[in-house]
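Descriptive analysis of the structure
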Amino acid sequence: MNLKCTLYGEVYSFSSVKEVLAKANEPKSGDMLAGVAASSPRERMAAKLVLSQLTVRDITENPSVPYEADEVTRIILDDLDQNVYSSLAGLSIGELREKILSYGSDGAALLRMSRGLSSETIAAAAKLMGNLDLIYAANKIHPTAHCCTTIGRKGIFSSRVQPNHPTDSVKGVTASLLEGLSYASGDAVLGLNPAIDTVESTTAILRLLNDVKERYGIPTQTCVLSHISTQIKAARSGAPMNLCFQSIAGSEKALNSFGTSAEMLAEGLAVMEEYSLAQGPDYMYFETGQASELSSDANFGTDQQTMESRCYGLARHYHPFLVNTVVGFMGPEYLYDGKQIMRAALEDVFCGKMHGLPMGCDCCYTNHAQADQNDIDSLITVIGAAGCCYVMGVPSADDVMLMYQSTGFHDIQAVREILGLRPIPEFEAWAEKLGILENGKLGRNAGDLTIFE
């Protein structure tokens, strides 16, 4: 295994596969602050050159965190299809990149191949791709999942209505929820981040979401994004649940910092298989975001994009209905500006879909980042072209509880019309029946909340 090269007469030598992966990564402020980034563009190119010549076996046999020390590593490696892995192990990462890009529109073949690729290997391929490569590759892959409806089909661009409120006010939540629905947002899920994480509050909001869903016959899913332990108790107490949510991370230590573990995720899935009101078989909802491991000192010297890819290896073990990266939520300490946010989003959508996940993206930024709403307008359009499965629908694109900027209801429908995409068919038929949509465009009753009286 060769970890050095000569570039412009200078010898670059790297101490480990982990260092090669980190220094081959595109510039990210988080990696720089963590001390794992390349020190110059030349060193970055040298790392990419070395990485391109390493094999799938080299990457797989050198995980970011040792197998014996980390449950996430064990899940990723134990889940590999050994027959597929054996057929790919001798490929260089450069050859793997070419293989991924050469498949044309055969996403099914890519998904079969991905079962033999570790999360670090998928991340490695992404590091050798430009933004257009990531868009081109991701757009070919169409993983689907079913809860109450099916997400992820080709040509479908879904959204989560996110009716957050700083005090979980029933009136405030209901107003935001109905507004989103009136603009044909919410076919992925009606999902609220609670301000109060208790069984009682979670149950009350679940009942509210379920009541709206049932009263108006909305073909979608509901979820309250409280801690998984809270949701498990709520489900066992009779709360009307479709999905179980948890934020996840790419190492056992980072998972523990979230107050969870692989065992608890398995418990959440088992509880939903018993108590969920949905048909299933996909009952889990996971959120991720580059750099959560760095912020909890649980990255083990690994760059943030590689750790993010490991999140997807963990996620696919539980066959989730939804996974999304909250791409700019961590702030400029990890993704400094609009350019870094866009790159991270494209990496995440590609890596998530290569793991066989119905991958979504919260196109967002915090107010102290070097980004603005124009960057987010560009990002939602680009990830729509990449085949991202769903995005967030937030009133006025401004989350007044989480205090960050995201995408609004009009943005989602605009991207659908520009790119020729549609909502989930059952939801679209419901919206057409109410006059919210007409022939795939906003109709006569769009934005009119009186249709819900």
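Structure: above.
All of the points below concern the structure found in this document.

**With respect to the overall build of the protein chain**
- Scanning the protein chain from terminus to terminus reveals 21 helices and 16 strands.
- Against the compact-globule benchmark of 22 Å for 453 residues, the protein chain has a radius of gyration of 21 Å, which places it among compact chains.
- When the backbone C-alpha atoms are referred to their principal axes, the protein chain occupies close to 75 × 45 × 40 Å.
- Of all intrachain contacts in the protein chain linking residues separated by at least 6 positions in sequence, the fraction that spans at least 24 positions is 76%.
- In the structure as shown, the protein chain presents an accessible area of about 16,100 Å², 51% of it carried by carbon and sulfur atoms.

**Quick look at the pairing of strand S5 (residues 158-161)**
- By the alternation rule, side chains of S5 split into Ser158 and Arg160 and Ser159 and Val161, which are all buried.
- Here S5 pairs with strand S12 (residues 390-393) via four bridges, running parallel. Bridging from a neighbouring strand, Val161 pairs with Gly393 of S12.
- For the crossover that starts at S5, traverses helix H11 (residues 170-182) and ends in the parallel strand S6 (residues 189-192), the hand is right-handed.

**Focus: the layout of surface pockets**
- Each pocket or cavity is described by its volume, and for the largest pocket that value is around 540 Å³.
- Around the largest pocket, the lining is made up of 24 residues, and of these Asn193, Phe245, Ser247, Glu287 and Phe329 lie nearest the centre.
- Sorting the residues of the lining of the largest pocket by element identifies strand S8 (244-247), strand S9 (284-288) and helix H16 (292-295) as the ones contributing at least two each.
- The greatest single-element share of the lining of the largest pocket, amounting to three residues, is contributed by S8.
- A class-by-class count of the residues in the lining of the largest pocket yields 10 nonpolar, 10 polar and four charged.

**Comments concerning the nonpolar core**
- Counting residues in each nonpolar core, the largest one holds 133 residues, and the members touching the most others are Leu51, Ile100, Leu181, Phe350 and Ile383.
- When neighbours within four sequence positions are excluded, Ile383 is seen to be in contact with Ala345, Leu346, Val349, Cys361, Cys363, Cys388 and Val391.

**Quick look at the pattern of salt bridges**
- Evaluated as defined, the whole model comprises 16 salt bridges.
- Here Glu43 ties to Lys23 by a salt bridge, and the two come within 3.0 Å at their closest N and O atoms. Of this pair, Glu43 sits in helix H3 (residues 41-53) while Lys23 sits in helix H1 (residues 17-24), placing them 20 residues apart in sequence.
- Residues participating in the shared-partner salt-bridge network are Glu19, Lys23 and Glu43.

**Structural notes on the environment of Lys28**
- For Lys28, the location among the structural elements is in the loop between H1 and helix H2 (29-34).
- Taking C-alpha positions, Lys28 is 9.0 Å from Ile341, a pair spaced 313 residues apart along the chain.
- Excluding residues that lie within four positions of it along the chain, Lys28 makes contacts with Gln290, Gln304, Gln305, Tyr334, Leu335, Gln340, Arg343, Ala344 and Glu347.
- In terms of polar contacts, Lys28 uses its side chain to reach the side chain of Gln290, at 3.3 Å.

**Some thoughts on H1**
- Of all eight residues that make up H1, seven are buried, and the element is covered over most of its length.
- Three or more residues of H1 are buried, namely Val17, Glu19, Val20, Leu21, Ala22, Lys23 and Ala24.
- Those residues of H1 that are buried are in contact with H3, helix H4 (56-60), helix H9 (119-127) and helix H17 (304-315).

**Side note on the pairing of strand S11 (residues 359-362)**
- Of the two faces of S11, the one carrying Met359 and Cys361 and the one carrying Gly360 and Asp362 are both buried.
- Across four bridges, the pairing between strand S10 (residues 322-326) and S11 is parallel. Bridge pairing in S11 places Val326 opposite Asp362.
- In the classification by handedness, the crossover that spans S10, the intervening helix H18 (residues 338-354) and the parallel S11 is right-handed.

**Focus: H18**
- A rise of 1.5 Å per residue sets the reference length of H18, with its 17 residues, at 24 Å; its end C-alpha atoms lie 24 Å apart and thus fit the reference within 8%.
- Taking burial as the measure, the 17 residues of H18 include 15 buried ones, the bulk of the element.
- Gly356 lies just past H18 and shows a positive phi near 85°.

**With respect to unusual backbone geometry**
- Residue Pro281 follows Gly280 across a cis peptide bond; omega there is 20°.
- Assignment of secondary structure puts Pro281 in the loop between helix H15 (262-275) and S9.
- Backbone geometry places Asp297, a non-glycine residue, at a positive phi of 55°.
- Locating Asp297 in the fold gives a position in the loop between H16 and H17.
- One non-glycine residue, Ser396, lies in the positive phi region at around 60°.
- Summarising the element assignment, Ser396 is placed in the loop between S12 and strand S13 (398-399).
- In this structure Ser396 comes out as exposed when scored by relative accessible area, which is 72%.

**Things to note about the state of the cysteines**
- Counted by the stated rule, this structure contains zero disulfides.
- Just so you know, Cys311 is unpaired, no disulfide at all, and the nearest cysteine sulfur is the one on Cys351, 11 Å from it.
- We classify Cys351 as buried; its relative accessible area is 1%.

**Focus on the packing of aromatic side chains**
- On inspection of all chains with the given rule, the structure shows seven aromatic pairs.
- Here the aromatic rings of Phe427 and Trp430 are separated by 5.2 Å at their centres, their planes lie at 45°, and the arrangement is tilted. Here Phe427 pairs with Trp430, and both are found in helix H21 (residues 425-433), just three residues apart, close to one helical turn. The same class applies to Phe427 and to Trp430, which are both buried.
- Cluster of aromatic residues (ring-pair linked, three or more members): Tyr216, Phe427, Trp430 and Phe452.

How each quantity is defined
Residues numbered from 1 in each chain as written. Predicted model: local features only at pLDDT ≥ 70, side-chain atom pairs only at ≥ 80, totals over all residues. Heavy atoms only, no water. Helix = DSSP H or I, 4+ residues; strand = E, 2+ residues; numbered from the N terminus. Rg over C-alpha atoms; globule rule 2.2 N^0.38 Å. Contact = heavy atoms within 4.5 Å. Areas by Shrake-Rupley, 256 points an atom, 1.4 Å probe, with all protein chains shown as cover. Buried < 20%, exposed > 50% of the residue type's maximum accessible area, 1.4 Å probe, protein only. Pairing = 2+ DSSP bridges. Right-handed = clockwise from strand over helix to strand, strands pointing away. 1 Å grid on protein atoms, 1.4 Å probe; cavity = no way out; pocket = protein on both sides within 12 Å on 5 of 7 lines; lining within 4 Å. Points joined across faces, edges and corners; volume = space filled by probe spheres on them. Nonpolar A, V, L, I, M, F, W, Y, C, P; charged D, E, K, R; others polar. Core = buried A, V, L, I, M, F, W, Y, C linked by side-chain atoms within 4.5 Å. Salt bridge = Lys/Arg side-chain N within 4 Å of Asp/Glu carboxyl O. Polar contact = N/O pair within 3.5 Å; in protein donor to acceptor, adjacent residues only side chain to side chain. Expected span 1.5 Å × (residues − 1). Disulfide = S-S within 2.5 Å. Phe/Tyr/Trp six-rings, centres within 6.5 Å; stacked < 30°, edge-to-face > 60°.

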